[in-house]
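These are the residues of each chain, in order.
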Amino acid sequence: AFAAQDESDQAMAAYRTAMRLFPGSHLPVLCIGMEYQRTNNLPLAGQFFMQSRQTCPNDPLVYNELGVLACRNKDYSAAERWLRHALELIPTPLTEPWEATVVNLGYTLRKQQKFTEAIKWYEQALSLNPRGNFTHAALGFTHHLHGELDVAIEYYHKALRLKADDSFAHEMLDEALKEQC
């Protein structure tokens, strides 16, 4: 709750208290890493994620966070490996709480220009959360980059129906319409 309200010091104090109260649990360590990542201290975030991974090597959330960290460091091939591993650890069928991991993988693949595979993962994310406006916009952008303007325009419109003030979808829709003419 503290982290969500941008009270980083209080959040860190709460996580450190949790570490003392629950020795051996990887979750407080993971949360400290997430807080360091949120505040852009990426090297420390990485250290805490790796420590959390050593304690609990089968938690997919740890691998998702390692994937996000690799993305933020622009190491997209490492991010892809971490995120795929996270998805391998998640029991099937995937459920909505794992939508972010699926979207993260789609993003990572798009950054590597693996458009067809990125589209597949974004579509998987939409099957988990059909009202995800970000995912609609990301799908539109991926189709746009792949040269599929009609499909891109369709997804930008869907994103805007879900969130009318989505500036990215607005800008990209305008761009796609200009390119189409």
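Residues numbered from 1 in each chain as written. Predicted model: local features only at pLDDT ≥ 70, side-chain atom pairs only at ≥ 80, totals over all residues. Heavy atoms only, no water.

A.B. asks: So what's going on with the environment of Ala 125? Which residues, and what values?
C.D. replies: Inspection of the secondary structure puts Ala 125 in helix H7 (residues 115-128). On the accessibility criterion, Ala 125 (0% relative accessible area) is buried. Distance in space between the C-alpha atoms of Ala 125 and Val 103 is 6.0 Å, their sequence separation being 22 residues. Apart from the residues lying within four places of it in its own chain, the contact partners of Ala 125 are Glu 99, Val 102, Val 103 and Thr 135. (Helix = DSSP H or I, 4+ residues; strand = E, 2+ residues; numbered from the N terminus. Buried < 20%, exposed > 50% of the residue type's maximum accessible area, 1.4 Å probe, protein only. Contact = heavy atoms within 4.5 Å.)

A.B. asks: Explain the side chain of Glu 80 residue by residue, including any values.
C.D. replies: Within the element layout of this structure, Glu 80 appears in helix H5 (residues 76-89). Judged by relative accessible area, Glu 80 falls into the buried class, the value being 11%. When neighbours within four sequence positions are excluded, Glu 80 is seen to be in contact with Leu 105, Thr 108, Leu 109, Gln 112 and Lys 114.

A.B. asks: Describe helix H4 (residues 60-72), and please don't skip the residues or the numbers.
C.D. replies: A rise of 1.5 Å per residue sets the reference length of H4, with its 13 residues, at 18 Å; its end C-alpha atoms lie 18 Å apart and thus fit the reference within 8%. Burial within H4 is extensive, with ten of its 13 residues counted as buried. Residues of H4 that are buried: Pro 60, Val 62, Tyr 63, Asn 64, Glu 65, Leu 66, Gly 67, Leu 69, Ala 70 and Cys 71. Those residues of H4 that are buried lie in contact with helix H2 (27-38), helix H3 (42-55), H5 and helix H6 (99-111). (Expected span 1.5 Å × (residues − 1).)

A.B. asks: How would you summarise the packing of H3 against H4 if you had to cite specific residues and measurements?
C.D. replies: Put simply, H3 and H4 touch, their axes get as near as 10 Å, and they point 155° apart. Classed by the angle they form, the pair H3 and H4 counts as roughly antiparallel. Between H3 and H4 the crossing geometry is left-handed. Contacts between H3 and H4 involve Leu 42, Ala 45, Gly 46, Phe 49, Met 50, Ser 52 and Arg 53 from the first element and Val 62, Tyr 63, Glu 65, Leu 66, Leu 69 and Arg 72 from the second. Considering only residue class, the contact of H3 with H4 consists of eight nonpolar, two polar and three charged. (Axes fitted to C-alpha atoms, helices over the stretch in contact; angles between N-to-C directions. Parallel < 35°, antiparallel > 145°, perpendicular 65-115°, else oblique. Left-handed = near helix turned anticlockwise from the far one by under 90°. Nonpolar A, V, L, I, M, F, W, Y, C, P; charged D, E, K, R; others polar.)

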